Amino acid sequence: QSENILGYYVNVERIPNCCRNSPNHIFLKDRNVLLNLSMAYYRVNISAYNKAGESPQAIYIVPDFSATDLPGQIHVKHQGTHAVVTWTPEYNPKCFVVDWGTGKEDMRMKIVTTATGNFTLENFQPYKLYKIMVHASDVCQCESFTRHEKTFGVTHFYSVEGVPRTGPANVTILNITKHSALVKWTEIAAEDCLGFLQGYRISYTDSSKKKSLAVTLNSSATSYRLTGLKEKNIYRVQISGFTNAGEGPPTLSQPFSTLKFGTVEALCICVTQHQ
């Protein structure tokens with residue numbers, strides 16, 4: 001029934017919003033609006049209206065922006081369940097707005113009006129990945145942050161790191177030959193790392209258990225080719241992830257057998273009979 005619509009109400013609300021009941025109200029005739037937002041989380045509520053009243057709202061959560069080309073660096077120093085956040089501003093805005101938490105549903109907000117460039121955050125839980133965002137604003141009124149704040153920097157940290165609770169998933173052995181095999185896996189999920197993943201360790205043992213080798217790879221690796229294997233032998237492979245706190249549990253032992261013969265290429269011989 002678009003022909004009956006007189007216009008649209010758009011409410012842009014910051015997440016989190018310590019300034020209660022102060023969303024940014026926009027009234028539109030068209031079906032598009034350009035929003036110049038910081039990298040904080042935002043909720044956009046859109047409804048249509050006509051002479052009879054207002055429609056139900058459509059709710060849109062602005063997705064994460066990639067933290068590229070930001071002007072500043074944020075440094076975090078852990079002190080138990082506390083953390084001291086410091087930064088060096090390019091200029092001295094009237095205030096900074098600090099967001100911190102584990103995600104959209106668990107964010108806190110604090111307005112810092114001093115020019116010291118540091119702030120102490122409290123009540124961090126161990127083994128959880130926290131995101132900290134610092135925004136600058138030259139207008140320090142609640143209703144102004146949606147329109148005027150600019151993101152200074154973004155960082156992630158753990159107050160206490162742990163070892164991964166599990167190894168990588170979907171371990172498969174492919175392209176097996178006499179002396180090699182390709183191992184592939186799926187990276188450990190972020191919620192299972194419990195710390196910043198530093199890399200993987202692949203260990204493999206032959207059937208006699210006399211030869212056991214281990215390879216350390218970086219955290220971006222999802223495959224590795226084992227070489228120097230003995231032909232017609234059974235090997236078992238396990239993979240674990242590690243953080244600065246140590247190594248997590250390995251995957252279940254994955255067996256495979258190397259080939260007795262090498263790769264055989266088919267040769268086609270065509271014989272033509274002349275009469």
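Residues numbered from 1 in each chain as written. Predicted model: local features only at pLDDT ≥ 70, side-chain atom pairs only at ≥ 80, totals over all residues. Heavy atoms only, no water.

Which entries qualify depends on this criterion: UniProt positions are given in the numbering used here, feature names are shortened, and annotations may be inferred rather than shown by experiment.
By the naming in an unreviewed UniProt entry, the protein goes by SDK2 protein and is assigned to Thalassarche chlororhynchos. Heading Subcellular location (unreviewed entry) of the UniProt record for the protein holds this comment: "Cell membrane".

1. Thoughts on the overall build of the protein
For clarity, the cut-off: Strands are runs of DSSP state E lasting at least two residues, helices are runs of H or I lasting at least four, and both sets are numbered from the N terminus onward. Exposure classes here rest on a 1.4 Å probe applied to the protein chains alone. A residue is buried below 20% of its type maximum, exposed above 50%, and partly exposed in between. In this description, contact between two residues means that some pair of their heavy atoms is separated by no more than 4.5 Å. Note on areas: these come from Shrake-Rupley sampling with a 1.4 Å probe, and a residue is covered only by the protein chains present in the view.
Within the protein, the secondary structure is distributed over 2 helices and 20 strands. Per-residue burial for the protein yields a buried fraction of 39% across its 275 residues. By sequence separation, contacts in the protein at least 24 residues apart represent 63% of the contacts at least 6 residues apart. Counting only carbon and sulfur atoms, one obtains 50% of the accessible surface of the protein, whose full area is about 16900 Å².

2. Some words on the sheet that holds strand S7 (residues 82–87)
Applicable threshold: Two strands are said to pair when DSSP picks up at least two bridges between them. Structural elements are reduced to axes, namely lines fitted to C-alpha atoms, with helices fitted over the stretch in contact, and the angle between N-to-C directions of any two is expressed from 0 to 180 degrees.
On the basis of which strands lie adjacent, the open sheet formed by 3 strands has the order S6-S7-S10 and antiparallel pairing. Looking at the sheet topology across the chains shown, the edges are occupied by strand S6 (74–79) and strand S10 (118–121). Neighbour to neighbour, the strand axes of the sheet diverge by 20° on average, direction disregarded. Relative to S10, S7 is paired through 4 bridges, and the arrangement is antiparallel. Across the sheet, the residue bridging to Ala83 is Leu121, located in S10.

3. Digging into the sheet that holds strand S11 (residues 129–137)
Backbone-to-backbone hydrogen bonds pair the strands of a sheet. The strands run either parallel or antiparallel. Strand order in the open sheet made by the 4 strands is S9-S8-S11-S12, with antiparallel pairing throughout. If you trace the sheet from one side to the other, it starts and ends with strand S9 (106–112) and strand S12 (150–158), each paired once. Shown here is a sheet whose adjacent strand axes are inclined to one another by a mean of 15°, direction ignored. Across 7 bridges, strand S8 (residues 95–103) lies against S9 in antiparallel orientation.

4. Regarding the pattern of salt bridges
Heads up, the condition is: Only one rule defines a salt bridge in this text: a Lys or Arg side-chain nitrogen within 4 Å of an Asp or Glu carboxyl oxygen.
Enumeration over the complete set of coordinates arrives at 7 salt bridges. Between Lys104 and Asp64 there is a salt bridge; the shortest N-O distance is 3.6 Å. Of this pair, Lys104 sits in the loop between S8 and S9 while Asp64 sits in the loop between strand S5 (58–61) and S6, and the two are 40 residues apart along the sequence. In this structure, the salt-bridge partner of Arg201 is Glu247, at a minimum N-O distance of 3.2 Å. Residue Arg201 is located in strand S15 (residues 199–206), and its partner Glu247 is located in strand S19 (residues 246–247); the two are separated by 46 residues in the primary sequence. In the salt-bridge network here, residues are joined through shared partners; they are Arg14, Asp99 and Glu149.

5. Observations concerning unusual backbone geometry
Excluding glycine, a negative phi dihedral is what most residues carry, and trans is how most peptide bonds are arranged. Following Ile15, the chain continues to Pro16 via a peptide bond in cis, the omega torsion being -5°. The residue Tyr127 is not glycine, and still its phi comes out positive at about 70°. Residue class for Tyr127 comes out partly exposed when judged on its relative accessible area of 43%. Here Asn175, not a glycine, exhibits a phi torsion of approximately 50°, which is positive. Of note, Asn175 is situated in the loop between strand S13 (169–174) and strand S14 (180–186).

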